[in-house]
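If you want the building blocks of each chain, they are given just below.
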Amino acid sequence: MTTPHAPAATPGPALDIQGLRIRLPGTARPVLDGVDLTVGAGETVALVGESGSGKSLTSRSALRLLPPRATVEGSVRVAGRDVLTLDPAGLRAVRAGTAAMVFQDPRAAVNPLRRIGDFLTESVTLTGAMGRDAATARAAELLRAVGLDASVLRTYPGQVSGGMLQRVVIAAALMGDPALLLADEPTTALDVTSQAEVIALLAALRARFGTGLLFVTHDLDLAAAISDRVYVMYAGRIAETGPAEALFAGPRHPYTAALLASTPRMDGPRGRLAAIAGRPPDLRRELPGCAFAARCPLATEVCDQRAPRPAAAPGRPEHLAACHHSDRLEGSAVDAR
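Attention shifts here to the overall build of the protein chain. Scanning the protein chain from terminus to terminus reveals ten helices and twelve strands. For the protein chain, the C-alpha radius of gyration of 21 Å lies close to 20 Å, the compact-globule estimate for 337 residues. Taking the principal axes of its C-alpha atoms as reference, the protein chain extends roughly 65 × 50 × 40 Å. The buried share of the protein chain, taken over its 337 residues, is 50%. Summed over all atoms, the accessible surface of the protein chain reaches about 15,600 Å², with 52% contributed by carbon and sulfur.

Here it is as structure tokens:
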């Protein structure tokens, strides 16, 4: 019997994105505009923001899953290798073993006509990383690691629940001992109970296998429950980043504070839930200033004219916010605390 094992140690972070800028035909500004993001080995990092903010595109860049005709600048290093410059063989190697992704809908990730055992073992057998017997043994061990019985190997996707199938997809992502696991809203298609189970499972697997985890979500409560650090993204830019506890307790960007204020809570005040007025900026329009300015109650003339640079909070060098007026946030109408 084989035993799942942690991936070999790699120098530097599991994921290191620097100055990532992606342009698409027909747009006036980049879809991703100078994104910097790191995920350390064995660290869980959450990437949060509204739909359309660029979260999924950022995570998929780690596998070079980019839109057709995209123009790309910057670097995306996975375990030290820049996937944007790799040749086809090198890219296949990264996708086969160094990094793996868990998508939103588990049923869209599997072939309903093939047994789950075939789905789990296919990638490592086709690449020659394992023989059939070794791959089957490892798949059975990983199924047990995610709380399922090895008998699931003989079943078809339609014979298991959505929560069970998401566990199968997570097991499949771990088959190649990845240094980096990308989870793109992996609980969206699940009920609340299954969501909690998957979050606890990802946290346990991260600790057991030492895998860096990038968790993409629009749910701030989920981000707070699982992450060590958080990046808040808006209109293709990083608005704020910092340790999860500090960022949620004292947001330094009006967008982060507004997201927190609009999150429903059982112990929150009664009445209408707060909402962020307006809409995200159109990709067909240039943004010389702050992307959030049109929706921000703190915006002034400088916000429309000049994009803010990330600045550290007083006494917290690891807590950065790209806001001209972050010093005015505490105690203001947009303070979520």
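This part is about the packing of aromatic side chains. Aromatic ring pairs are reported here in terms of the distance separating the ring centres and the angle at which the planes meet. In the structure shown here, the tally under the stated rule is three aromatic pairs. When the ring of Tyr 234 is compared with that of Phe 292, the centres are 5.2 Å apart and the planes differ by 85°; the resulting orientation is edge-to-face. Here Tyr 234 is found in strand β9 (residues 229-234), whereas its partner Phe 292 is found in the loop between α9 (254-261) and α10 (301-305), with 58 residues between them in sequence. Judged by relative accessible area, Tyr 234 falls into the buried class, the value being 4%. On the basis of relative accessible area, Phe 292 is assigned to the buried category, the value being 2%.

This part is about the pairing of strand β7 (residues 180-184). Burial within β7 is extensive, with five of its five residues counted as buried. Across the two faces of β7 the burial is the same, with Leu 180, Leu 182 and Asp 184 and Leu 181 and Ala 183 all buried. Across four bridges, strand β6 (residues 99-102) lies against β7 in parallel orientation. Bridge pairing in β7 links Ala 100 to Leu 181. The pairing of β7 with strand β8 (residues 212-217) spans five bridges and is parallel. The residue bridging Ala 183 from the neighbouring strand is Phe 215, located in β8.

Not every positive phi belongs to a glycine, and Ala 79 is a case in point at roughly 50°. The exposure class of Ala 79 is buried, given its relative accessible area of 15%. At Glu 185, a residue that is not glycine, the phi angle is positive and equals roughly 45°. Within the fold, Glu 185 resides in the loop between β7 and α6 (192-209). Residue Glu 185 is classed as buried on the basis of its relative accessible area, which comes to 10%.

Glancing now at the side chain of Thr 211. Its place among the elements puts Thr 211 in the loop between α6 and β8. A distance of 3.4 Å separates a polar side-chain atom of Thr 211 from the backbone oxygen of Pro 178.

What follows is about the nonpolar core. Membership of the largest hydrophobic core comes to 40 residues, with the highest contact counts inside it found for Leu 120, Leu 143, Val 168, Ile 170, Leu 202 and Leu 205. Breaking this core down by element, the ones donating at least two residues are β6, α3 (116-126), α4 (132-145), α5 (162-174), β7, α6, β8 and α7 (220-226). Tallying contributions element by element places α5 first for this core, with eight residues. Judged by nonpolar contacts, the second largest core, of 30 residues, contains Val 31, Leu 57, Met 101 and Val 216.

Once that is clear, we can look at the sheet that holds strand β10 (residues 237-243). Sheet strands pair by backbone hydrogen bonding; their relative direction is either parallel or antiparallel. On the basis of which strands lie adjacent, the open sheet formed by eight strands has the order β6-β7-β8-β3-β9-β10-β12-β11 and mixed pairing. Among the strands making up the open sheet, the edge pair consists of β6 and β11 (311-313). Neighbour-to-neighbour, the strand axes of this sheet turn through a mean angle of 25°, independent of strand direction. The pairing of strand β3 (residues 44-48) with β8 spans five bridges and is classified as parallel. Residue pairing in the sheet places Thr 44 in a bridge with Leu 213 of β8. α6 contacts β3, β7 and β8 of the sheet and is inclined by roughly 160° relative to β8. Set on the sheet, α9 makes contact with β9 and β10; between it and β9 the angle comes to about 100°.

Right, let's get into the packing of α3 against α5. Packing of α3 against α5 brings their axes to within 9 Å, and their N-to-C directions diverge by 20°. For the element pair α3 / α5, the angle class is roughly parallel. Where α3 crosses over α5, the two elements pack in a sense that is right-handed. Across from Ile 116, Phe 119 and Leu 120 in α3, the residues of α5 making contact are Leu 165, Val 168, Val 169, Ala 171 and Ala 172. Its residues placed into classes, the contact of α3 with α5 shows eight nonpolar, no polar and no charged.

Calculation notes
- Residues numbered from 1 in each chain as written.
- Predicted model: local features only at pLDDT ≥ 70, side-chain atom pairs only at ≥ 80, totals over all residues.
- Heavy atoms only, no water.
- Helix = DSSP H or I, 4+ residues; strand = E, 2+ residues; numbered from the N terminus.
- Rg over C-alpha atoms; globule rule 2.2 N^0.38 Å.
- Buried < 20%, exposed > 50% of the residue type's maximum accessible area, 1.4 Å probe, protein only.
- Areas by Shrake-Rupley, 256 points an atom, 1.4 Å probe, with all protein chains shown as cover.
- Phe/Tyr/Trp six-rings, centres within 6.5 Å; stacked < 30°, edge-to-face > 60°.
- Pairing = 2+ DSSP bridges.
- Polar contact = N/O pair within 3.5 Å; in protein donor to acceptor, adjacent residues only side chain to side chain.
- Core = buried A, V, L, I, M, F, W, Y, C linked by side-chain atoms within 4.5 Å.
- Axes fitted to C-alpha atoms, helices over the stretch in contact; angles between N-to-C directions.
- Contact = heavy atoms within 4.5 Å.
- Parallel < 35°, antiparallel > 145°, perpendicular 65-115°, else oblique.
- Left-handed = near helix turned anticlockwise from the far one by under 90°.
- Nonpolar A, V, L, I, M, F, W, Y, C, P; charged D, E, K, R; others polar.

Purely spatial values, then, with no claim about function.
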